[in-house]
Amino acid sequence: MPTPPQNLRQLSALVEIVSQLRGPEGCPWDKKQTHESLTQYAIEETYEFVEAVSLNNDQEIKAELGDVLFEVILHAQLASERNVFDLDDVIENINKKLIHRHPHVFEKHGDGDGSTFY
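Residues numbered from 1 in each chain as written. Predicted model: local features only at pLDDT ≥ 70, side-chain atom pairs only at ≥ 80, totals over all residues. Heavy atoms only, no water.

(A) Highlighting the overall build of the protein. A tally of regular secondary structure across the protein gives five helices and zero strands. N-terminal to C-terminal, the α/β element order of the protein is α-α-α-α-α. Relative to the globule expectation of 13 Å for 118 residues, the C-alpha radius of gyration of the protein, 17 Å, shows a markedly less compact shape. On the principal axes, the C-alpha backbone points of the protein span a range of 50 × 40 × 30 Å. Within the span of the protein, comprising 118 residues, buried residues form 19% of the whole. In the protein, 37% of the contacts between residues at least 6 apart in sequence involve partners at least 24 apart. Of the roughly 8700 Å² of accessible surface on the protein, 56% is carried by carbon and sulfur atoms. (Helix = DSSP H or I, 4+ residues; strand = E, 2+ residues; numbered from the N terminus. Rg over C-alpha atoms; globule rule 2.2 N^0.38 Å. Buried < 20%, exposed > 50% of the residue type's maximum accessible area, 1.4 Å probe, protein only. Contact = heavy atoms within 4.5 Å. Areas by Shrake-Rupley, 256 points an atom, 1.4 Å probe, with all protein chains shown as cover.)

The structure is reproduced here in structure tokens:
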């Protein structure tokens, strides 16, 4: 039986937990999920987050953000298992997008090979 991570305040702990849930000794429900089967949960968790914001309930916002983050990590894990992309690719993609969309904040620079960073 896998041992849970020590520091539960780190993103890497969540990534490890999700990997264990999908692993050989993991949870049968988690192991059978697909992007398609999880779509409804991504929508539900987003709506629950929006409701918590509308209620101005910080504790519920925190909880629902965790649920939304779990959905992101789980979808990245599914893709990683298929060798399509992983969480690092997702993070790189959003970082590039944010830099690109905010030229008034970030100085544009290349990645060292003459091409643009984004």
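(B) View of unusual backbone geometry. Look at asparagine 56: it is not a glycine, yet its phi comes out positive at around 55 degrees. Tracing the backbone shows asparagine 56 in the loop between helix H3 (35-54) and helix H4 (58-81). Taking the relative accessible area as the measure of exposure, asparagine 56 reaches 63% and is therefore exposed. The backbone phi angle of asparagine 83 is positive, close to 60 degrees, even though this residue is not glycine. In this fold, asparagine 83 is placed in the loop between H4 and helix H5 (87-101). Classification of asparagine 83 as exposed rests on a relative accessible area of 72%.

(C) Representation of the packing of aromatic side chains in the model. Throughout the structure, instances matching the rule amount to one aromatic pair. Seen from their ring centres, tryptophan 29 and tyrosine 41 are 5.6 Å apart, and the 75 degrees between their planes marks the pair as edge-to-face. A residue pair is termed long-range when its members are at least 10 positions apart, and tryptophan 29 in helix H2 (residues 28-31) and tyrosine 41 in helix H3 qualify at twelve residues. Taking relative accessible area as the criterion, tryptophan 29 reaches 36% and is therefore assigned partly exposed. (Phe/Tyr/Trp six-rings, centres within 6.5 Å; stacked < 30°, edge-to-face > 60°.)

(D) Quick look at the nonpolar core. Counting residues in each nonpolar core, the largest one holds seven residues, listed as Val18, Leu38, Ile73, Leu74, Ala76, Leu78 and Leu87. Ranked by residue count, the leading element in this core is H4, at four residues. Setting aside anything within four residues of it in sequence, one finds leucine 38 in contact with Trp29, Gln33, Glu71, Leu74, His75 and Leu78. (Core = buried A, V, L, I, M, F, W, Y, C linked by side-chain atoms within 4.5 Å.)

Geometric descriptors of this kind do not, in isolation, establish any biological role.
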